[in-house]
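Residue strings, one per chain:
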Amino acid sequence: MSKSQNLKKERGAGSGVDIRTPIIAVLGHIDHGKTTLLDRIRGTVVAEREAGGVTQHIGATEVPVDVIKRICQPLKRTWDDIKVPGLLFIDTPGHHAFASLRRRGSALADIAVLVVDVIEGFQPQTYEALNVLRMLKTPFVVALNKIDRISGWISSKDKPFVMNFREQNEYVQQELERRVYETVETLYDSGFSAERYDRIRDFTRNICIVPVSAKTGEGIPDLLLVLIGLSQRYLEESLKLHAEGPGEGTILEKKEERGLGTTIDVILYDGKLSVGDLIVVGTTTGEPVVTRVKALLKPSPLREMAMERRFRHVKSVTAAAGVKIVAMNIDDALPGMPLIQVPESSADALNLAKERVRKAFDDVQIDVHKEGVIIKADTIGSVEALFYELSMRNIPVKRADVGNISKRDVVEAASVGDEYLRAILGFHVSVNPDAHAEASEENVRIFVNDVIYRLIEDYEKWVSSRKEAVLREKMARLTMPAAVRILPGHVFRQSRPAIFGVEVIAGSIKPGMEMMTAEGKEIGKINEIQDKGQSISLAEKGMRVAISMKKPVFGRHIHENDVLYSNIPVNEIKELNEMRDLLSDSERDVLAEITRIKMRKV
């Protein structure tokens, strides 16, 4: 596996060519600071409003390069080499939504920011996000967040990390370094070479780690500088803009808006889109819809939002931009699918656009099996992300689809032969009422969760508990490993039946259990067990009880202080060894001793 970053320097983009704003996505584990980081970047930009300010987009926030220059001024004096017009941060609900967002087969985002809590390190959703980035071959940087929580750290609001780090006490610097290198090691174990950003010389081979605090703004200048620098140096060719060409974008979200009906939020990544344009839209069925743009909407300024004027109408938008589109027949629009504008009079262009949209739907990489679970999710990217995580755990998938869990899904799941695969896993979806009823009848288990690793955990716990229950049912029919020691001075009757006191030293005994001596001599069954004069059905380890046995004679077959063992048939010993995980330590030890006794007799 490659230990390098997915960046290759692109050549051939002249300075006279217009290039669009790079698209940046922010990913990470719950509570590691994704939203806070985006809010901090917005807040920092708003504070610099007089220098260019923040441009509001649907589902995105644009940070102009003039503002970035002001924020990063302590770190970089000369900006002649930067032609990128700024950065466009897209707001996605998570890395599964990010996986849905495609641009001609690759990730919509040009670069991703993976947020990692410096204290907690990598968590399940961090690894999920990393897997998605690897799957889509998306370049990324790590924002090592919450450095203000390091013991002894002295914060300085909005200050560049490299400047503030020098002012920390030595023990604080060492603690941060330790945590940086824990991140380096974790990334290396996952197949990536990484280093703190200010120590990297070859950015094509190393992941940048930028220590930040979304709370105080420390390190935000460093992060913005790294993002703008990587975009300019390595992505300039892919950022070439066809400003007057057909608009192309990706559906971010479908929403019902009061007074507008069904709308789609789109990130336009190339060309221009205008009111009245003919567009081809990807849907949940895979068959594209051809419709016309009725309205293009962008967010209203904050002062107008307070008056409930949430959107303002615009005549056209040019990439890169986030925009809300009002159009007919988009009820089945699917987040993650393409939106392509086509010329009015070109049948060839229309057919080509339709074919591209169909291919985008068909390109979802799901390797299904005859026997497997059924998975349902809200977007294609979510389906892929869930499938990827299941494949990493060797859980086969019979069918993967977008949409709520239906009766048809349950009927199909019921046909699966393996009872542990007779299940449906739903991510960010609901269960239709008739599906619930059918699942009860057909004994199909349905799992629904809005966090992938928890969804899979719930399924795996169910499989584990079901397997354990089956094994315990099987174990109940077997002779269990047990051992007792005959207590001296507690022989109440010597024969027919012999009655004597014992201490259970391993496992448990019950009436009807066949017993043997340490030499392997069979001495018959336990007839009865009594505790304080009362008959009991089970005596467990540590108990002292009286037992009666018809076959042995005290003084001839058994003696005081003898250890007696449960007489387990050889075929049952093999079965018990396959269930060792369900045995206690003392039961495993005594099973090994019983096995040795049996082998000596052979």
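Keep in mind it's a predicted model, so treat the numbers as computed, not measured.

Procedures and definitions
- Residues numbered from 1 in each chain as written.
- Predicted model: local features only at pLDDT ≥ 70, side-chain atom pairs only at ≥ 80, totals over all residues.
- Heavy atoms only, no water.
- Helix = DSSP H or I, 4+ residues; strand = E, 2+ residues; numbered from the N terminus.
- Buried < 20%, exposed > 50% of the residue type's maximum accessible area, 1.4 Å probe, protein only.
- Areas by Shrake-Rupley, 256 points an atom, 1.4 Å probe, with all protein chains shown as cover.
- Contact = heavy atoms within 4.5 Å.
- Pairing = 2+ DSSP bridges.
- Axes fitted to C-alpha atoms, helices over the stretch in contact; angles between N-to-C directions.
- Phe/Tyr/Trp six-rings, centres within 6.5 Å; stacked < 30°, edge-to-face > 60°.
- Lys NZ or Arg CZ within 6 Å of the ring centre and 35° of its normal.
- Parallel < 35°, antiparallel > 145°, perpendicular 65-115°, else oblique.
- Left-handed = near helix turned anticlockwise from the far one by under 90°.
- Nonpolar A, V, L, I, M, F, W, Y, C, P; charged D, E, K, R; others polar.
- Core = buried A, V, L, I, M, F, W, Y, C linked by side-chain atoms within 4.5 Å.
- Expected span 1.5 Å × (residues − 1).
- Arc of directions from axis to C-beta.
- pLDDT = per-residue confidence, 0-100.
- Polar contact = N/O pair within 3.5 Å; in protein donor to acceptor, adjacent residues only side chain to side chain.
- Salt bridge = Lys/Arg side-chain N within 4 Å of Asp/Glu carboxyl O.

> Please clarify how the overall build of the protein should be interpreted in this entry.
Secondary structure summary: the protein contains 15 helices and 33 strands in total. The 602 residues of the protein split such that 53% are buried. Accessible surface for the protein amounts to roughly 27700 Å². Of this, 47% is attributable to carbon and sulfur atoms.

> What am I meant to see in the environment of Phe361 here?
Position of Phe361 relative to the elements: it lies in helix H9 (residues 347–362). For Phe361, a relative accessible area of 21% corresponds to the partly exposed category. Not counting residues up to four positions away in its chain, the partners in contact with Phe361 are Thr283, Thr284, Thr285, Gly286, Leu334, Met337 and Ile380.

> Hey, could you run me through the sheet that holds strand S20 (residues 373–377) in this one?
In a beta sheet, neighbouring strands are held together by backbone hydrogen bonds and run either parallel or antiparallel to one another. Strand order in this open sheet of four strands is S21-S20-S22-S23, and the pairing throughout is parallel. A strand with exactly one partner marks an edge of an open sheet, and here the two such strands are strand S21 (397–402) and strand S23 (445–449). Across the sheet, the mean angle from the axis of one strand to that of its neighbour is 15°, orientation sign disregarded. Summarising the sheet, strand S22 (residues 423–427) and S23 pair through five bridges and their orientation is parallel.

> What am I meant to see in the packing of aromatic side chains here?
Here the distance between the centres and the angle between the planes together describe a pair of aromatic rings. This model, assessed by the stated rule, comprises seven aromatic pairs. Aromatic side chains Phe140 and Phe192 sit 5.3 Å apart centroid to centroid with 80° between the ring planes, which places their arrangement in the edge-to-face category. Residue Phe140 is located in strand S8 (residues 140–145), and its partner Phe192 is located in the loop between helix H6 (170–189) and strand S9 (194–196); the two are separated by 52 residues in the primary sequence. Its relative accessible area of 1% is what places Phe140 among the buried residues. Among the aromatic residues, ring-to-ring pairing joins Phe447, Tyr459 and Trp462 into one connected group. Against the face of Phe165 rests Arg196, its NZ or CZ located 4.7 Å from the ring centre. Over the aromatic face of Tyr420 sits the side chain of Lys467, whose NZ or CZ is 5.1 Å from the ring centroid.

> Whenever I open this one, the sheet that holds strand S30 (residues 534–535) confuses me. Can you help?
Pairing is antiparallel in the open sheet, where eight strands are placed in the order S28-S27-S33-S24-S25-S32-S29-S30. Edge positions in the open sheet fall to strand S28 (522–525) and S30, since each of these has one partner strand only. Strands strand S24 (483–493), strand S25 (498–506), strand S27 (514–516) and strand S33 (563–566) of the sheet are contacted by helix H15 (residues 585–601), whose axis makes an angle of about 95° with S33.

> Would you take a moment to explain the pairing of strand S11 (residues 248–257) for this structure?
Two faces belong to every sheet, and in a regular strand the side chains alternate between them. Here S11 runs beside strand S19 (residues 338–342); their pairing, made up of three bridges, is antiparallel. Each residue of the ladder has a partner; that of Gly249, found in S19, is Leu339. Hairpin geometry of S11 and strand S12 (residues 261–270) is characterised by an intervening segment of three residues between the two adjacent antiparallel strands and by a positive phi of about 85° at Gly259.

> Can you walk me through the packing of helix H11 (residues 407–414) against helix H12 (residues 433–442) in this structure?
Running from N to C, H11 and H12 cross one another at 15°; their axes reach a closest spacing of 8 Å. Classified by the interaxial angle, the pair formed by H11 and H12 is roughly parallel. In this structure, H11 crosses over H12, and the sense of that crossing is right-handed. Contact residues: H11 offers Lys407, Val410, Val411 and Ala414, while H12 offers Asp434, Ala435, Glu438, Ala439 and Glu442. For the contact of H11 with H12, the residue count by class is five nonpolar, no polar and four charged.

> Honestly, the nonpolar core in this entry has me stumped. Any pointers?
Where a protein is soluble and globular, its nonpolar side chains tend to be buried together. By size, the foremost hydrophobic cluster in this structure holds 67 residues, and its most contacted members are Leu37, Phe89, Val113 and Phe140. If one sorts the elements of this core by residue count, helix H7 (residues 220–234) sits on top with nine residues. Counting 47 residues, the second-largest nonpolar core is a separate cluster that includes Val323, Phe387, Leu421 and Ile452.

> Just to check I follow, could you spell out H15 for this structure?
Think of an α-helix as turning once every 3.6 residues; residues three or four places apart then point the same way. Here H15 spans 25 Å end to end across 17 residues, near enough to the 24 Å set by a 1.5 Å rise per residue. For H15, the complete set of buried residues consists of Ser586, Glu587, Val590, Leu591, Ile594, Ile597 and Lys598. Projected down its long axis, H15 carries its buried residues within an arc of 130°, all on one side. In H15, the exposed residues that point more than 90 degrees away from the buried face are Asp585, Asp589, Met599 and Arg600. Against S24, S25, S27, S33 and helix H14 (570–578) lie the buried residues of H15.

> For this particular structure, what's the right way to read the confidence of the model for the protein?
As a general rule, the predicted coordinates of low-pLDDT regions are not to be interpreted in detail. Looking at the protein as a whole, its pLDDT mean stands at 85, while 88% of the residues score no less than 70. When the criterion is pLDDT under 50, residues 9–16 qualifies, and its contacts beyond four places in sequence or with other chains add up to 16 contacts. Note that pLDDT drops below 50 for residues 45–55; the model gives that stretch 22 contacts with residues more than four away or on any other chain.

> Help me understand the side chain of Glu248 in this model?
Along the polypeptide, Glu248 turns up in strand S11. The buried category is assigned to Glu248, whose relative accessible area is 10%. In terms of polar contacts, Glu248 uses its side chain to reach the side chain of Arg356, at 2.9 Å.

> Explain the pattern of salt bridges here, please?
It is possible for side chains of opposite charge to pair when their charged atoms get near one another. Overall, the coordinates contain 34 salt bridges when judged by the stated rule. Salt-bridge contacts for Lys324 lead to Glu257; the nearest nitrogen and oxygen are separated by 3.0 Å. Here Lys324 is found in strand S18 (residues 321–327), whereas its partner Glu257 is found in strand S11, with 67 residues between them in sequence. Owing to a relative accessible area of 1%, Lys324 belongs among the buried residues under this scheme.

> Could you clarify how one ought to interpret unusual backbone geometry in this entry?
Most of the time, phi is negative for any residue but glycine, and the peptide bond is trans. The omega torsion of the bond from Ala319 to Ala320 falls at -5°, within 30 degrees of zero and hence cis. For the bond running from Arg496 to Pro497, omega is -10°, close enough to zero to count as cis. Here Pro497 shows up in the loop between S24 and S25. Even without glycine at this site, His428 takes up a positive phi of about 60°. Checked against the element boundaries, His428 lands in the loop between S22 and H12. Here His428 falls in the partly exposed class, since its relative accessible area comes to 39%. Despite not being glycine, Arg496 shows a phi value in the positive range, around 45°. Following the sequence through the fold, Arg496 ends up in the loop between S24 and S25.

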